[in-house]
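Report on the structure
Below, each chain spelled out in residue letters.
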Amino acid sequence: MTKPVIRVSELVAGYPGVTLLERISFEVAQQDIFVILGGSGCGKSTLLRHLVGLEAPLGGHIDINGKGGPTLTDGPPQYGVAFQAGALFSSMT
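So, here's what we can say about the structure. Residue positions within a chain follow its written sequence, with the count starting from 1. With the structure being a predicted model, the display of local features is reserved for residues of pLDDT at least 70 and the display and counting of side-chain atom pairs for 80 or more, all residues being used for whole-chain, interface and lining totals. The side-chain numbers reported here are obtained from all heavy atoms of the structure, hydrogens and water having been left aside.

**Here we look at the environment of E22**
For E22, the location among the structural elements is in strand β2 (residues 18-29). Type-normalised accessible area, obtained with a 1.4 Å probe on protein chains alone, sets the label of each residue: buried when under 20%, exposed when over 50%, and partly exposed for intermediate values. Look at E22 and you get exposed, because its relative accessible area is 59%. Considered as a pair, E22 and G59 are 37 residues apart in the sequence and their alpha carbons are 8.6 Å apart. Runs of H or I in DSSP of at least four residues are treated as helices and runs of E of at least two as strands, each being numbered from the N terminus.

**Some points on helix α1 (residues 44-51)**
Every buried residue belonging to α1 is among T46, L47, H50 and L51, and all of these are buried. Projected down its long axis, α1 shows its buried positions confined to an angular sector of 140°, all on one face. Each element contacted by the buried residues of α1 is listed here: β1 (4-15), β2 and β3 (59-64). Looking one or two places after α1, you find G53, whose phi comes out positive at around 90°. Throughout, the arc means that of the directions going from the helix axis to the C-beta atoms. Whether two residues touch is decided by their heavy atoms; if any such pair falls within 4.5 Å, the residues are in contact.

**Thoughts on the nonpolar core**
Formed by V8, L11, A13, L21, F26, V28, L47, L51, I62 and I64, the largest nonpolar core amounts to ten residues. Put simply, the parts of the chain that give this core at least two residues each are β1, β2, α1 and β3. Once residues lying within four places of it in the same chain are set aside, the contact partners of I64 are V5, I6, L51, P70 and Y79. Think of a nonpolar core as a cluster: buried Ala, Val, Leu, Ile, Met, Phe, Trp, Tyr and Cys residues, connected wherever their side-chain atoms sit within 4.5 Å.

**Considering the side chain of D63**
Assignment of secondary structure puts D63 in strand β3. Of the side chains bearing the opposite charge, R7 lies closest to the buried D63, which forms no salt bridge; the N-O distance is 5.3 Å. For this analysis, a polar contact is any N or O atom pair within 3.5 Å, provided that within protein one partner can donate a hydrogen and the other can accept it, and provided that sequence-adjacent residues contribute only side-chain to side-chain pairs. Of note is the side chain of D63, whose polar atom sits 3.2 Å from the backbone nitrogen of G66. Setting aside anything within four residues of it in sequence, one finds D63 in contact with V5, I6, R7, G68 and G69. His is not counted, nor are the chain ends; Lys and Arg add positive charge and Asp and Glu add negative charge. Salt bridge criterion: a side-chain nitrogen from Lys or Arg within 4 Å of a carboxyl oxygen from Asp or Glu.

**What about the packing of aromatic side chains?**
Here a Phe, Tyr or Trp ring, Trp counted by its six-membered ring, pairs with any other such ring whose centre lies within 6.5 Å, and the pair is stacked when the planes are under 30 degrees apart, edge-to-face when over 60, and tilted otherwise. Across all of its chains, the model carries one aromatic pair by this definition. Centroid distance F26 to F34: 4.7 Å. Interplanar angle 20°. Geometry classified as stacked. Since its relative accessible area comes to 40%, F34 is described here as partly exposed.

In structure tokens form, the structure reads like this:
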């Protein structure tokens, strides 16, 4: 088994006064294909915002490449996400 590139342990994600995800834990090794799947409003985008450092966790720990979780004060991460923003057919008229 290869060493995980992303390790999330007991993550509590949300915003002040609103907890959306509780005790999320997973690992992603190099060359793994990892999918975040769920219905509308279940916290997929919130999880991604925490993984790229746009939001700080309310609890738990994110570790990327053994360097801890990303923060915007560290500069831009070497990876990113593309949010759907209306790219799904259900959002189109």
